[in-house]
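Structure assessment
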Amino acid sequence: MTAQTMLGKPLAAAVKEDLRARVAALAERGSVPALGTVVVGDDPGSLAYVRGKHRDCAEVGLASVQVRLPADVDPAELRERLLQLNEDPACTGYIVQLPLPAHLDESAVLELVHPDKDADGLHPTNLGRLVLGTAAPLPCTPAAVLELLRASDVELDGAEVCVIGRGTTVGRPMGLLLTRRSENATVTLCHTGTRDLAAHTRRADVVVAAAGVAGLVDADMVAEGSVLVGVGITRTEDGLVGDFHPSVLEKAALVAPVPGGVGPMTRAMLLRNVVELAERHPVAG
Ligand SMILES: Nc1nc2c(c(=O)[nH]1)N[C@@H](CN(C=O)c1ccc(C(=O)N[C@@H](CCC(=O)O)C(=O)O)cc1)CN2
């Protein structure tokens, strides 16, 4: 078997098309949504991702504003800037680019973002809403994975899904999303403490790999005809490498590759969150 690929770019383009129309409709009602980004430090990867977010906003007609702070910013100064964004009527929603420098407590920082302005869906209130199944902005990467699976008509009802990674941005919310009644999957959440990872991946219909360990899962570890979604990404001398070893392509039915799969959709899901926040809490332009 040679796997088919689930590509993020065409799907992201379709989402953007829909969002462009929704942003135009908001503008007609006098509401001009804007995304804020907060970057601490000058990590080239983070800066590149944030540049991409501002480009994406322009593409669909959203305004955007960037706040840049030095890597050694005082936590009190960062807090002040976030509280300003919470109060700023021109900012519909904003994100704090992760990871943050080590002297900053990531959870404490994310808790400062007002839940109604949480474009990343990572505030505890919104993660709590995800647990309860009530309306909330969804964390962008898990939402992107779900959209890719839906677009390929992957059957999730009753499916065995193995998620590798227990982080708050991907693994944990991924499990919550997939176990909602609307998805109805059975999820096994694996992590670095999992004793026999292969035993879990082999019996899964779908594997979502968000470990950030290049080539962690090879052909021997997956079932014939399974669906594999790559999330983790490692920069090596040979370029970007995902958590799945290329050998899986001979065994899987469907693969979301790294790069080119979930990443572009993650960006589109951020735009969707901003537009949904604006539709829920319209602001005058
Ligand atoms: N506040 C947040 N910080 C981070 C998030 C996030 O969702 N919110 N996720 C990642 C970084 N990220 C967005 O911020 C992100 C990472 C990768 C991609 C992407 O499109 N990847 C491409 C490859 C791009 C490349 O050349 O590096 C792909 O997979 O095809 C988009 C967004 C951590 N921080």
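Keep in mind the model is a prediction, meaning the values are calculated, not measured.

**Points about the overall build of the chain**
- For the chain, the count of helices and strands is nine helices and 11 strands.
- Whereas a compact globule of 285 residues would reach a radius of gyration of roughly 19 Å, the chain reaches 19 Å, a difference of no more than 12%.
- The buried share of the chain, reckoned over its 285 residues, is 43%.
- In the chain, the proportion of contacts linking residues at least 24 apart, taken out of those at least 6 apart, comes to 70%.

**Looking at the UniProt feature "domain: Tetrahydrofolate dehydrogenase/cyclohydrolase NAD(P)-binding" (unreviewed entry) in the chain**
- Using the residue numbers shown here, the UniProt feature "domain: Tetrahydrofolate dehydrogenase/cyclohydrolase NAD(P)-binding" (unreviewed entry) corresponds to residues 139-281.
- Within the segment residues 139-281, helix and strand shares are 31% and 20% respectively, and the terminal C-alpha atoms sit 19 Å apart.

**Some words on the UniProt feature "binding site: NADP(+)" (unreviewed entry) in the chain**
- Those places that UniProt annotates as "binding site: NADP(+)" (unreviewed entry) correspond, in this numbering, to Gly165, Arg166, Gly167 and Ile233.
- By secondary structure assignment, the location of Gly165 is in the loop between strand 5 (160-164) and helix 7 (171-178).
- Apart from residues no more than four positions distant in its own chain, Gly165 is found in contact with Val170, Gly171, His191, Ala210, Ala211 and Gly232.
- In contact with Ile233, other than residues within four places in its own chain, are Gly212, Leu240, Gly242 and Val258.

**Considering the packing of helix 2 (residues 44-60) against helix 9 (residues 262-280)**
- Put simply, helix 2 and helix 9 touch, their axes get as near as 10 Å, and they point 60° apart. Comparing their axes, helix 9 and helix 2 come out oblique. For helix 2 against helix 9, the interelement crossing comes out right-handed. Side by side, helix 2 and helix 9 meet where Gly52, Lys53, Asp56, Cys57 and Val60 of the first sit next to Arg267, Leu270 and Leu271 of the second.
- When the residues that make up the contact of helix 2 with helix 9 are grouped by side-chain class, the tally is four nonpolar, one polar and three charged.

**Quick notes on helix 1 (residues 8-28)**
- Across its 21 residues, helix 1 extends 30 Å between first and last C-alpha, which sits within 8% of the 30 Å expected from 1.5 Å per residue.
- In this structure, the buried side of helix 1 is in contact with helix 2, helix 6 (140-151) and helix 9.
- Within two residues after helix 1, Gly30 carries a phi angle of roughly 85°, on the positive side.

**Brief notes about the sheet that holds strand 1 (residues 4-5)**
- Reading across from one edge, 1-11-8-7-5-6 is the order of the six strands in this open sheet, with parallel pairing throughout. Both edges of this open sheet fall to strand 1 and strand 6 (186-190), since each of them pairs with a single strand only.
- As paired elements, strand 5 and strand 6 share five bridges and run parallel to each other. Bridge pairing in strand 6 places Cys162 opposite Thr188.

**Remarks on helix 6**
- Taking 1.5 Å as the rise per residue, helix 6 with 12 residues should run 16 Å; its terminal C-alpha atoms sit 16 Å apart, in good agreement.
- Within helix 6, 10 of the 12 residues are buried, leaving the element largely enclosed by the surrounding structure.
- Taken together, the buried positions of helix 6 are Cys140, Thr141, Pro142, Ala143, Ala144, Val145, Leu146, Glu147, Leu148 and Leu149.
- Residues of helix 6 that are buried make contact with helix 1, helix 7, strand 7 (206-209), strand 8 (227-230), strand 11 (254-256) and helix 9.
- Asp153 occupies a position one or two residues after helix 6 and carries a positive phi of about 55°.

**Quick word on the domain arrangement of the chain**
- When its domains are assigned, the chain resolves into domain 1 (31-117) and domain 2 (140-264).
- For domain 1 and domain 2, the distance between their C-alpha centres works out to 28 Å.

**Details of the site of the ligand**
- In the vicinity of the ligand there are 18 residues, among which Tyr49, Leu98, Cys140, Pro259 and Gly263 approach most closely.
- By residue number, the principal contributor to the shell around the ligand is helix 9, which donates four residues.
- In the shell around the ligand, the residues fall into 10 nonpolar, six polar and two charged.
- Inspection of the shell around the ligand shows a minimum of three residues originating in each of domain 1 (31-117) and domain 2 (140-264).

Each value, and the rule that gives it
Residues numbered from 1 in each chain as written. Predicted model: local features only at pLDDT ≥ 70, side-chain atom pairs only at ≥ 80, totals over all residues. Helix = DSSP H or I, 4+ residues; strand = E, 2+ residues; numbered from the N terminus. Rg over C-alpha atoms; globule rule 2.2 N^0.38 Å. Buried ≥ 20, exposed ≤ 12 C-beta atoms within 10 Å, placed from the backbone. Contact = placed C-beta atoms within 7 Å. UniProt positions renumbered as here; feature names shortened; annotations may be inferred. Axes fitted to C-alpha atoms, helices over the stretch in contact; angles between N-to-C directions. Parallel < 35°, antiparallel > 145°, perpendicular 65-115°, else oblique. Left-handed = near helix turned anticlockwise from the far one by under 90°. Nonpolar A, V, L, I, M, F, W, Y, C, P; charged D, E, K, R; others polar. Expected span 1.5 Å × (residues − 1). Pairing = 2+ DSSP bridges. Domains from an automatic or database assignment. Near = placed C-beta within 6 Å.

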